[in-house]
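# Residue-level structural notes
Listed below are the residues making up each chain.
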Amino acid sequence: MTLDPEFAKQTTDLIQQTLELYKKSGASPRVGEVWDCEKIGDFLCGFFVGEMVGSALSAFQVVHQREPTADEHLEIIELVESHSKEIKEFFAKFN
């Protein structure tokens, strides 16, 4: 593992806390109309994953004052993927 443990912990906390916020707030009833998508849960899942990876990459740049290496980038993605079961289960409810 090349990510520093504190950054990995903060990223994991971000993922868990953000998923909890989504669970409490749900989704806009207009998502299907606005984005013209049939499987709203799949769309929201992809949106959430992109949001988490993007937020973590931005945080990495702020904290470390540099771009992540390819290995660090992959580890950030893997941190999000480690929550895939819970993420998919929640967003599947919107399909």
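All values derive from a computational prediction rather than experimental measurement. (Residues numbered from 1 in each chain as written. Predicted model: local features only at pLDDT ≥ 70, side-chain atom pairs only at ≥ 80, totals over all residues. Heavy atoms only, no water.)

### Side note on the pattern of salt bridges
Tallied over the entire structure, the rule returns five salt bridges. The salt bridge involving Asp13 is made with Lys9; its shortest N-O contact spans 2.9 Å. One end of the pair is Asp13 and the other is Lys9, both in helix α1 (residues 5-25) and four residues apart, which spans about a single turn. Classification of Lys9 by relative accessible area gives partly exposed; the value is 46%. With its nearest N and O atoms 3.6 Å apart, the salt bridge here joins Lys85 to Glu89. Of this pair, Lys85 and Glu89 both sit in helix α5 (residues 84-92), four residues apart, which is roughly one turn of that helix. Look at Lys85 and you get exposed, because its relative accessible area is 62%. On the basis of relative accessibility, which here comes to 47%, the residue Glu89 falls in the partly exposed class. Salt bridges here are not isolated pairs; linked through shared partners, they connect Glu20, Lys23 and Glu86. (Salt bridge = Lys/Arg side-chain N within 4 Å of Asp/Glu carboxyl O. Helix = DSSP H or I, 4+ residues; strand = E, 2+ residues; numbered from the N terminus. Buried < 20%, exposed > 50% of the residue type's maximum accessible area, 1.4 Å probe, protein only.)

### What about the nonpolar core?
Considering soluble globular proteins, one finds that nonpolar side chains tend to be buried as a cluster. Leu3, Leu19, Phe48, Ile76, Val80, Ile87 and Phe91 are the most contacted members of the largest nonpolar core, which has 22 residues in total. Sort the elements by how many residues they give to this core and helix α3 (residues 40-64) lands first, with eight residues. Setting aside residues up to four positions removed in sequence, Ile87 forms contacts with Leu19, Cys45, Phe48, Val49 and Val80. (Core = buried A, V, L, I, M, F, W, Y, C linked by side-chain atoms within 4.5 Å. Contact = heavy atoms within 4.5 Å.)

### Focus: the side chain of Glu75
Of note, Glu75 is situated in helix α4 (residues 70-81). In terms of polar contacts, Glu75 uses its side chain to reach the side chain of Thr2, at 2.5 Å. (Polar contact = N/O pair within 3.5 Å; in protein donor to acceptor, adjacent residues only side chain to side chain.)

### Examining α3
Note: α-helices contain 3.6 residues per turn, so residues at a spacing of three or four share the same orientation. Taking 1.5 Å of rise per residue, the 25 residues of α3 would be expected to cover 36 Å, and the 36 Å separating its terminal C-alpha atoms lies within 8% of that figure. Among the residues of α3, those classed as buried are Gly41, Leu44, Cys45, Phe48, Met52, Val53, Ala56, Leu57 and Phe60. One or two steps after α3, the chain reaches Gln65, where phi turns positive at roughly 55 degrees. (Expected span 1.5 Å × (residues − 1).)

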